[in-house]
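# Structural features, examined
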Amino acid sequence: MPDALLPEPWWEEAVVYQIYPRSFQDSDGDGIGDLAGIESRLDHLSWLGADALWLSPIYPSPLADMGYDVADHCAVAPELGDLRGFDRLVTSAHQRGQRVLLDLVPSHTSIEHRWFREHPEFYVWADQPPNNWVAAFGGPAWTRDERTGRFYLHSFYPEQPDLDWRVPEVREAMSEVIRFWADRGVDGFRVDAVQQLMKDADLRDDPFATTPFVLPLGDEYGRLDHVHSEAGSEIAVALEAMREAAGGALLVGEVYRPTRDLGPYLEHLDLAFAFELLHAPFDASRLAEVIREGAEARRIAWALSNHDFPRLATRFGEERSALAAMLLLTLPGTVFLYQGDEIGMVDGAGGSPPFDRAGRDPYRHPMQWEPEAFGGFTTGAPWLGLSDPLTRSVATQRDAPGSPLELYRSLIALRRDLDGPVEVEVRGEALEIRRGAHTVVLNLGDREIERPEAGHRVLSTIPGRGDARSIAPREGAVFWDS
Ligand code: NOJ
C-alpha cells in the first residue's frame, strides 16, 4: 500500500489547482492556451498557495472530446507546445515547490490513434452489437467500423474506442505511457473514467435501472443499471498494473461512483474524487452526510467543480459560492480547485457552433487575468470567447478585500493551521464543521444565528464582520478557540 511506504505523502492535505490548458494562458497569439503560457502564470498558483497543478489532457488529439480522445499518449499537442516545453514547465513548477499531475486517459483512445489500425486486438470488437449498452453521452456503445465491417465498443463518443484491459499487451502499453511521464518528473496522474476500464467478460446486457443512480447521468445512460458495462471486482487487474507502473507517483481516480463504492478502487489508487460532494444540493443535512461518508472512506479528493459541470458560481450564485469555497477548503484531505473558480467565473456562452457535442463549452472559457477585452489571456482571437473579463479578473480582485480571490487565498493560508479529523453537525440550516481548535460555521439560511460560545472569528465570507456576536444570513465564518 502506498500509505505504508510513505507515511506522510505530499498530497495528504494538498490543494491541487486544475488547469484546462487551452484556456489558461496563450503565449504565442494563436488564441489557444499553451504550456509556455501556463509556465508564465505559475506565480499565480504560488501566490494563491496551491501545492500542485493538474493539467487536463495535453496530448495530440483530433478534439472530438477536447483532448480526452488521445491520438498519442507520449507527445504534446503541437498547438500547446512540445516535450521540451513540457520539461521546462515541470522544472519551473518544481522550482516553486509545486507538483505536477497529468491527466491519464487509459480506458479509451482516439479513433485516430495508430493502435486502432495497427493493434485492433487492443480494442473490444463484435460482429454485431452484442448487447444493449449505451454510451455515456447517449446513443449505442457499439459503432460499425467501415473498414472491417465489425463493431467496436466505445463508452463515450464513437471517436473514442475502448481499450480492452483484459489484453496483457494493453496493460503493458499503458504502463509504458505511465513510466514515460514519470521518468520526465511527473508527480502523479488524475486517472480518467476508471470505472469504465473493465467490463463484463461475457458482454451481458445491462438491466434497466429501477432507481435513479446516486450521481447525475445523461438521460439515456441513466436508464440502465451499468452492472455489466462498467467495472466490477475485476477492476483490480487494471489498477494493479497501473499502480506497479506508477510506483510512488500519486494516482487520483475519476471514479464516477458513490463514495460508498470507492473501496475496491482505493485498494490501488491513492485517492478518488467524491462526486457526491460535487453534486450535493447546498443543504446542510446532505452536505453533512457526504462529508461524513468521505471522511470515513478516507483518501478522498474533494472537488466542487471541474471542466465537465456547470461552474460553481453559476450553480450557487456569489454569496453561496463563498460558503462553498469555505466548506471545500476547510475539509481534511486533498482538495482540487478548478481554474477560474477563485475569481468567481460563471458559465460562458460556449462556442457557436459548439466545440463539445455534450454541451460543456460554457465551463471551459478562458481564464480572466486582466480587465480587458481578451482578459490578458491572448493577444490573438481566443478559441472560445472570453465571458466577462471586465467584470471579474485576477488583476482587479487581487488585494481587494471581500473579493472571491482574496477569500480563496485566505482560506488556503488558514487551511495550513487546521488539523485533526473532521466532525460535522447540522444546526437548523447551518452546517458546523469542527477541525481541532477551529470551528467553521456555514449559515446556509436566511436568518441570523448565534455564533459558537468559544473562540474568535478569524475569517468570514462577509468582510467587516469583526467579532460580531451573531452569524449573518449566508455568512460563513471560522472561529478559533486559542
Ligand atoms: C471524464 C472527463 O473529465 C471528460 O471530460 C471526458 O469527456 C470523459 N471522461 C471521457 O474521457
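## Quick look at the packing of helix α12 (residues 312-329) against helix α14 (residues 404-415)
With their axes 9 Å apart at the nearest point, α12 and α14 run at an angle of 20° to one another. On the basis of the axis angle, α12 is roughly parallel to α14. Read as a crossing pair, α12 and α14 show a hand that is left-handed. Here L312, A322, A325, M326, L328 and L329 of α12 come into contact with α14, specifically with L407, Y408, L411, I412 and R415. Residues that form the contact of α12 with α14 fall into these classes: ten nonpolar, no polar and one charged.

## Some words on the site of the ligand
Around the ligand, the surrounding shell consists of D65, Y68, H108, F137, F156, R190, D192, E254, H307, D308, R360 and R364. In this structure, H307 approaches the ligand through a side-chain N or O atom, which is 2.8 Å from an oxygen atom. Side-chain polar atom of R360 to an oxygen atom of the ligand: 3.0 Å apart, as the coordinates give it. Out of a free accessible area of 300 Å², the ligand has 97% covered by protein chains. Considered class by class, the residues forming the shell around the ligand number three nonpolar, two polar and seven charged.

## A closer look at helix α11 (residues 284-297)
Here α11 contains 14 residues, and its C-alpha end-to-end distance of 20 Å stays within 8% of the 20 Å for a straight helix at 1.5 Å per residue. By the burial criterion, the buried members of α11 are A284, R286, L287, A288, V290, I291 and G294. If you follow the buried residues of α11, they end up packed against α10 (275-278), β10 (300-303), α12, β12 (422-427) and β13 (430-435). R298 occupies a position one or two residues after α11 and carries a positive phi of about 55°.

## Some details on the pattern of salt bridges
For the structure on display, the rule yields 38 salt bridges. Two residues, D103 and R190, come together in a salt bridge whose shortest N-O distance is 2.9 Å. Residue D103 is found in strand β3 (residues 99-104), and its partner R190 is found in strand β7 (residues 188-191); the two are separated by 87 residues along the sequence. Pair check on accessibility: D103 and R190 agree, each one buried. Put simply, R427 and E425 hold a salt bridge, and the shortest N to O gap is 3.1 Å. By relative accessible area, which is 44% here, R427 ends up partly exposed. With a relative accessible area of 29%, E425 lands in the partly exposed category.

## Here's the deal with the sheet that holds strand β14 (residues 438-443)
The antiparallel open sheet is built from five strands, whose spatial order is β12-β13-β14-β18-β16. At either end of the open sheet lies a strand with only one pairing partner, and these are β12 and β16 (456-460). Between one strand axis and the next, the sheet turns by 25° as a mean value, whatever way the strands run. Looking at chain direction, β13 and β14 are connected through six bridges and run antiparallel. Note that in β14 the partner of I433 across the bridge is V440. Contacts from α11 reach β12 and β13, with the element oriented near 165° to β12. This element, α12, spans β13, β14, β16 and β18 (476-480) of the sheet and lies at about 150° to β14.

Here is what the cut-offs are and how they apply
Residues numbered from 1 in each chain as written. Predicted model: local features only at pLDDT ≥ 70, side-chain atom pairs only at ≥ 80, totals over all residues. Heavy atoms only, no water. Axes fitted to C-alpha atoms, helices over the stretch in contact; angles between N-to-C directions. Helix = DSSP H or I, 4+ residues; strand = E, 2+ residues; numbered from the N terminus. Parallel < 35°, antiparallel > 145°, perpendicular 65-115°, else oblique. Left-handed = near helix turned anticlockwise from the far one by under 90°. Contact = heavy atoms within 4.5 Å. Nonpolar A, V, L, I, M, F, W, Y, C, P; charged D, E, K, R; others polar. Near = heavy atom within 4 Å. Polar contact = N/O pair within 3.5 Å; in protein donor to acceptor, adjacent residues only side chain to side chain. Areas by Shrake-Rupley, 256 points an atom, 1.4 Å probe, with all protein chains shown as cover. Expected span 1.5 Å × (residues − 1). Buried < 20%, exposed > 50% of the residue type's maximum accessible area, 1.4 Å probe, protein only. Salt bridge = Lys/Arg side-chain N within 4 Å of Asp/Glu carboxyl O. Pairing = 2+ DSSP bridges.

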